[in-house]
Amino acid sequence: MDKQFDAIMGMSDDAKVAYLKAFTRLANADGVFDDSEKAFIKNLAENYVVPSERLAEIFAADSDDEIIEEVAKIKNRRAALELLKELCFLAHADNELSDEETLFIGRIGQAMNVELEKIEQISNWVIDKIILAEEAKIIFEEV
């Protein structure tokens, strides 16, 4: 197992639910929470061994303040950084990063005591990784 997965698996069920609520909220930022997004989050919940009866709670997450209050309980720095990384990937998945998504990710990071500079660093790394993956498709003629 890798460090990121270990950090997440070491969290309580409540912390994992808060983690997944942040995904739900970000996926819903554009006003559409489609079946593929629900399937992605459900798969994460299964991978993180979150009880299936908590899925309804995860999918019902819509209050930024409530979610931010819950993620503030995540004290494991590695888990916090991993959450920010995954939120950045999700935000960039549609190749359009909105101001609302940026603000939400910033608020999530600050709630977990991650510095704005670190959040920006993670976001830039995610962008670079996405660009490199696209370049690889061209180089290796996978387009």
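For the structure itself, look to the data block above.
Residues numbered from 1 in each chain as written. Predicted model: local features only at pLDDT ≥ 70, side-chain atom pairs only at ≥ 80, totals over all residues. Heavy atoms only, no water.

Section: the packing of aromatic side chains
Alright, step 1. Counting across every chain of the model gives six aromatic pairs.
Alright, step 2. Ring geometry for Tyr19 and Tyr48: centres 5.8 Å apart, planes at 90 degrees, overall edge-to-face. Residue Tyr19 is found in helix H2 (residues 13-27), and its partner Tyr48 is found in the loop between helix H3 (35-47) and helix H4 (55-59); the two are separated by 29 residues along the sequence. Tyr48 shares its class with Tyr19; the two are buried.
Alright, step 3. Ring centres of Phe23 and Phe40 lie 6.2 Å apart, and the angle between their planes is 65 degrees; this geometry places the pair in the edge-to-face category. Of this pair, Phe23 sits in helix H2 while Phe40 sits in helix H3; the two residues are 17 residues apart in sequence, bridging distant segments of the chain.
Alright, step 4. Of the residues examined, Phe23 reaches a relative accessible area of 0% and is grouped as buried.
Alright, step 5. Classification of Phe40 by relative accessible area gives partly exposed; the value is 38%.
Alright, step 6. Joined through ring pairs, the aromatic side chains of Phe5, Tyr19, Phe23, Phe40 and Tyr48 make up one cluster. (Phe/Tyr/Trp six-rings, centres within 6.5 Å; stacked < 30°, edge-to-face > 60°. Helix = DSSP H or I, 4+ residues; strand = E, 2+ residues; numbered from the N terminus. Buried < 20%, exposed > 50% of the residue type's maximum accessible area, 1.4 Å probe, protein only.)

Observations concerning the pattern of salt bridges
Alright, step 1. Overall, the coordinates contain twelve salt bridges when judged by the stated rule.
Alright, step 2. Residue Arg107 pairs with Asp65 through a salt bridge whose shortest N-O separation is 2.7 Å. Separated by 42 residues along the polypeptide, Arg107 in helix H7 (residues 99-111) and Asp65 in helix H5 (residues 64-71) bring together distant segments of the chain.
Alright, step 3. Relative accessible area serves as the criterion here: at 52%, Asp65 is assigned to the exposed category.
Alright, step 4. What you see here is one network of salt bridges that share partners, running through Asp14, Lys21, Arg54, Glu57, Glu66 and Glu70. (Salt bridge = Lys/Arg side-chain N within 4 Å of Asp/Glu carboxyl O.)

What to know about the side chain of Lys85
Alright, step 1. Tracing the backbone through its elements, the reader meets Lys85 in helix H6 (residues 77-92).
Alright, step 2. Of the residues examined, Lys85 reaches a relative accessible area of 17% and is grouped as buried.
Alright, step 3. Other than its neighbours up to four places away in sequence, Lys85 contacts Gln4, Ile122, Trp125 and Val126. (Contact = heavy atoms within 4.5 Å.)

Concerning the environment of Lys21
Alright, step 1. Locating Lys21 in the fold gives a position in helix H2.
Alright, step 2. Classification of Lys21 as buried rests on a relative accessible area of 3%.
Alright, step 3. Sequence-wise, Lys21 and Glu46 are 25 residues apart; in three dimensions their C-alpha atoms are separated by 14 Å.
Alright, step 4. Residues within four places of Lys21 in sequence aside, it is in contact with Glu57, Ile58, Ala61, Glu66, Ile67 and Glu70.
Alright, step 5. A distance of 3.4 Å separates polar atoms of two side chains, one belonging to Lys21 and the other to Glu57. (Polar contact = N/O pair within 3.5 Å; in protein donor to acceptor, adjacent residues only side chain to side chain.)

Points about helix H8 (residues 116-139)
For the α-helix, the turn length of 3.6 residues means that residues three or four positions removed from each other point alike.
Alright, step 1. Along its 24 residues, H8 runs 34 Å from first to last C-alpha, staying within 8% of the 34 Å computed at 1.5 Å per residue.
Alright, step 2. Taken together, the buried residues of H8 touch H6 and H7.
Alright, step 3. Taken from the residues just after H8, Glu141 is the one with a positive phi, measuring 55 degrees. (Expected span 1.5 Å × (residues − 1).)

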